[in-house]
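Tertiary structure, described
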Amino acid sequence: MKYPRFYAPVTASYLAYAYLQLVGRTNRVEYAGRNIYEELRQGKGPYIFAFWHNRLLLPLYIFRGTNVATMVSQSRDGEYIAQVMLRCGLKISRGSASRHGAEGLLGLLRHLRQGTSAAITPDGPLGPCEIALPGIIQLAKLSGIPITPVSFACTRYKRMKSWDRMVVPFPFGKIRCVLGEEIAVARQASKEEMKQKRAALEEEMRRITAIAEAVEDKTIY
């Protein structure tokens, strides 16, 4: 018997969602500074969030059930991620830096103009790891909304052997969420100014990732 192409991603999304719920409910979540989950629950925003691709699984739980949209690749692997995000109550815009990037960014721009926050992995989906690509800077310029860098870390996790060394969180530990300083991009910003903003974003994201990684009592598998 042949199943539809979407059968496997949909089935996998239930398992992934259940696992993320287990991780979230059994870990103690702490916020360094502002509690962004509560801000989103209160309807504040819209925001443009930036977090590294290797932290992708943690914000799925932190942003669950809030008014947040994210860009997901139109590849087959992207379909798995898209189904999990939908299961977590998030909105999606299909596209990436490598495929249909402009289409995906325009989708996020529409969401922002409707009051929905956007979450982007500026180094995804193919890297280089922790190197910001220009798309998020362009989105901030077009929307007039500053970028809010955010990073996550956990005490119990495994590093995968993927291009980005994905962090897979385990239950019964602690998760830390750290927000960085906002990075605004003027609508009339030149190419050189946008390049400077990319560098500033990378620097700020590395700074707050170091703060998040300082979470105590780590157990790495």
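Keep in mind that this is a model prediction, so the values were computed, not measured. (Residues numbered from 1 in each chain as written. Predicted model: local features only at pLDDT ≥ 70, side-chain atom pairs only at ≥ 80, totals over all residues. Heavy atoms only, no water.)

**Concerning the overall build of the protein**
Scanning the protein from N- to C-terminus turns up seven helices and ten strands. Rg of the C-alpha trace for the protein: 17 Å, near the compact-globule value of 17 Å for 221 residues, within the 12% margin. Its C-alpha atoms put the protein at 50 × 50 × 35 Å along the principal axes. Within the protein, the proportion of its 221 residues that are buried is 48%. Contacts in the protein between residues at least 24 apart in sequence constitute 75% of all its contacts with a sequence separation of at least 6. A total of about 11100 Å² of accessible surface is found on the protein, and carbon and sulfur atoms cover 55% of it. Across the protein, the mean location of the 32 positive side-chain charges is 7 Å away from that of the 19 negative side-chain charges. (Helix = DSSP H or I, 4+ residues; strand = E, 2+ residues; numbered from the N terminus. Rg over C-alpha atoms; globule rule 2.2 N^0.38 Å. Buried < 20%, exposed > 50% of the residue type's maximum accessible area, 1.4 Å probe, protein only. Contact = heavy atoms within 4.5 Å. Areas by Shrake-Rupley, 256 points an atom, 1.4 Å probe, with all protein chains shown as cover. Lys, Arg positive; Asp, Glu negative; His and termini not counted. Charge placed at Lys NZ, Arg CZ, Asp CG, Glu CD.)

**Remarks on the packing of aromatic side chains**
In the structure shown here, the tally under the stated rule is five aromatic pairs. Between F51 and F152, the ring centres sit 6.2 Å apart and the planes meet at 85°, which makes this aromatic pair edge-to-face. Pair noted here: F51 is in the loop between β2 (48-50) and α3 (57-62) and F152 is in strand β6 (residues 147-154), with a separation of 101 residues, a long-range link. Across the pair, F152 and F51 agree in class, each one buried. Linked through ring pairs, Y47, F49, F51, F63 and F152 together constitute an aromatic cluster. Over the ring of Y37 we find R64; its NZ or CZ atom is 4.5 Å from the centre of that ring. Across from the ring centre of Y14, 4.0 Å away, lies the NZ or CZ of R87, which sits over that ring. (Phe/Tyr/Trp six-rings, centres within 6.5 Å; stacked < 30°, edge-to-face > 60°. Lys NZ or Arg CZ within 6 Å of the ring centre and 35° of its normal.)

**Things to note about the environment of L106**
Assignment of secondary structure puts L106 in helix α5 (residues 101-113). On the basis of relative accessible area, L106 is assigned to the partly exposed category, the value being 45%.

**Some remarks on the sheet that holds β2**
One open sheet accounts for seven strands, arranged β1-β9-β6-β2-β5-β3-β4; its pairing is mixed. A single partner strand is all that each edge strand has here, and the edge strands are β1 (28-32) and β4 (91-94). Between one strand axis and the next, the sheet turns by 25° as a mean value, whatever way the strands run. Strand direction decides the pairing type here: β2 and strand β5 (residues 117-120), joined by three bridges, are parallel. The residue of β5 that forms the bridge with A50 is I120. Against the sheet, helix α4 (residues 76-87) touches β3 (68-72) and β4, its axis set at about 155° to β4. Against the sheet, helix α6 (residues 135-143) engages β2, β5 and β6, with an angle of about 165° to β2. (Pairing = 2+ DSSP bridges. Axes fitted to C-alpha atoms, helices over the stretch in contact; angles between N-to-C directions.)

**Section: the pattern of salt bridges**
Per the counting criterion, the structure on display carries seven salt bridges. A salt bridge links E30 to R176, with the shortest nitrogen-to-oxygen separation between them at 2.7 Å. Note that E30 is positioned in strand β1 and R176 in strand β9 (residues 174-179), a separation of 146 residues in sequence. Among the ionic pairs, R55 bridges to E213, the shortest N-O distance being 2.8 Å. Residue R55 is located in the loop between β2 and α3, and its partner E213 is located in helix α7 (residues 191-213); the two are separated by 158 residues in the primary sequence. For the pair formed by R55 and E213, the shared burial category is buried. Taken together, the shared-partner salt bridges in this structure form one network comprising R28, E30 and R176. (Salt bridge = Lys/Arg side-chain N within 4 Å of Asp/Glu carboxyl O.)

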